[in-house]
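# An overview of the molecular structure
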Amino acid sequence: MNTTATTATATTDHLAISPSILYFGTPVALLTTENPDGTPNLAPISSAWALGHTVVIGLGGEGRTAANLAERPELVVNLPSADLWPAVERLAPLTGAHPVPAAKRSAYRYEPDKFGAASLRPQPSQKVRPPRVAECPLQLEATVRNLTPAGPDGEFRIAECEVVRVHAAASVVVPGTQHIDPAEWNPLIYSFRHYFGLAHPELGYGFRSQTAGSRA
Ligand SMILES: Cc1cc2nc3c(=O)[nH]c(=O)nc-3n(C[C@H](O)[C@H](O)[C@H](O)COP(=O)(O)O)c2cc1C
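On a predicted model such as this, the values are computed, not experimentally measured, just so you know.

### Notes on the packing of aromatic side chains
Within this structure, the stated rule accounts for 3 aromatic pairs. With a centroid separation of 5.2 Å and 40° between ring planes, the pair formed by tyrosine 190 and tyrosine 195 is classed as tilted. For tyrosine 190, a relative accessible area of 18% translates into the label buried. Within the aromatic cluster, the residues linked to one another by ring pairs are Tyr23, Trp85, Tyr190 and Tyr195.

### Points about the pattern of salt bridges
Using the criterion set out here, one finds 5 salt bridges in the structure. Across the pair glutamate 34 and arginine 129 runs a salt bridge whose closest N-O atoms are separated by 3.0 Å. Taken together, the residues span a long stretch of sequence, with glutamate 34 in strand E2 (residues 29-34) and arginine 129 in the loop between strand E9 (122-123) and strand E10 (132-133) at a distance of 95 residues. Judged by relative accessible area, arginine 129 falls into the exposed class, the value being 62%. For arginine 121, the salt bridge goes to glutamate 135, with nearest N and O atoms at 3.2 Å. In this pair, arginine 121 sits in the loop between helix H4 (114-118) and E9 while glutamate 135 sits in the loop between E10 and strand E11 (138-150), placing the two residues 14 residues apart along the sequence.

### What about the side chain of lysine 114?
In this structure, lysine 114 sits in helix H4. Here lysine 114 is buried and forms no salt bridge, its nearest opposite-charge partner glutamate 111 lying at an N-O distance of 8.6 Å. Here asparagine 41 takes part through its side chain, which lies 3.1 Å from a polar atom of the side chain of lysine 114. Within the structure, the side chain of lysine 114 is placed 2.8 Å from the backbone oxygen of leucine 42, a separation counted as a polar contact.

### Here we look at the pairing of E11
The pairing of strand E6 (residues 74-79) with E11 spans 6 bridges and is antiparallel. Residue pairing across strands places asparagine 78 opposite glutamine 139, the latter belonging to E11. By the bridge criterion, 12 bridges tie E11 to strand E12 (residues 156-168) in an arrangement that is antiparallel. Its bridge partner lying in E12, leucine 147 is registered against alanine 159. Counting the residues that bridge the hairpin from E11 to E12 gives 5 residues, and of these glycine 151 lies at a positive phi of roughly 95°.

### Topic: the nonpolar core
In this structure, Leu31, Ile57, Leu59, Leu75, Val77 and Cys161 are the most contacted members of the largest nonpolar core, which totals 20 residues. Elements that contribute at least two residues to this core include exactly E2, strand E5 (54-60), helix H2 (64-71), E6, E11 and E12. At 4 residues, E11 tops the list of elements feeding residues into this core. When residues no more than four places from it in sequence are discounted, the contact partners of leucine 31 are Asn41, Leu42, Ala43, Ile45, Ile57, Leu59, Thr65, Leu75, Val76 and Val77.

### Comments concerning the sheet that holds E6
Strand pairing in a sheet relies on backbone hydrogen bonds. The paired strands run either parallel or antiparallel. Read across the sheet, 7 strands follow the order E3-E2-E6-E11-E12-E5-E4 without closing on themselves; strand pairing throughout is antiparallel. The open sheet is flanked by strand E3 (40-45) and strand E4 (48-51), the only strands paired with a single partner. Adjacent strand axes in the sheet meet at a mean angle of 30°, parallel and antiparallel pairs treated alike. Here 3 bridges tie E2 to E6, and the two strands are oriented antiparallel to one another. Among the inter-strand pairings, leucine 30 is bridged to a residue of E6, identified as asparagine 78.

Rules of the game
Residues numbered from 1 in each chain as written. Predicted model: local features only at pLDDT ≥ 70, side-chain atom pairs only at ≥ 80, totals over all residues. Heavy atoms only, no water. Phe/Tyr/Trp six-rings, centres within 6.5 Å; stacked < 30°, edge-to-face > 60°. Buried < 20%, exposed > 50% of the residue type's maximum accessible area, 1.4 Å probe, protein only. Salt bridge = Lys/Arg side-chain N within 4 Å of Asp/Glu carboxyl O. Helix = DSSP H or I, 4+ residues; strand = E, 2+ residues; numbered from the N terminus. Lys, Arg positive; Asp, Glu negative; His and termini not counted. Polar contact = N/O pair within 3.5 Å; in protein donor to acceptor, adjacent residues only side chain to side chain. Pairing = 2+ DSSP bridges. Core = buried A, V, L, I, M, F, W, Y, C linked by side-chain atoms within 4.5 Å. Contact = heavy atoms within 4.5 Å. Axes fitted to C-alpha atoms, helices over the stretch in contact; angles between N-to-C directions.

Encoded structure:
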């Protein structure tokens, strides 16, 4: 294979561009937090990653979620499957912040009952106060270990969270094990403001997979 020619072609095919967003395709999570009056807030996010039992989340500093976590550092990271995207999009123009922050006023409205607005059902949690979202196949109860300002003007918050309990729908668990079956779990992916499911069938598995061949 002529690697020199391949490299040259790849280089000339790329454009140096300035996109307005860099949402390159990450799973959607619905965060439940507790409002000052004890009611739940519910907000979609997609800036999240997990390492071990730590989940790190990126939040706008002016939202209700960031304010709730600063005061009451408990949450549930609810992971919707791809078919739930209409419910996620019903939440998209809403904020639990009142009054609506000036920067959001043209596109967002205040909604105190996010569960009702999205037609989703709260389900009591076991280790934290905010409820789970019953429809989400994966629900991670968590506490905030660190909440730090970030961004050029401190306009974001990075929440480092410790997962204290994991709930998984039986349909996505390999029977008789503690493992999620990656072939059954279909996360909702947010890619440049469009929603996708994962393209099945599976392409292959990583060398540390504990579920390879579990569906004989
Ligand atoms: C699919 C999707 C992904 C989003 N990802 C994030 C995110 O990662 N971080 C964030 O702060 N806001 C994100 N947003 C925007 C928030 O949901 C929005 O600011 C909302 O008003 C926050 O609600 P709250 O003010 O009640 O916390 C996302 C919205 C959608 C629809």
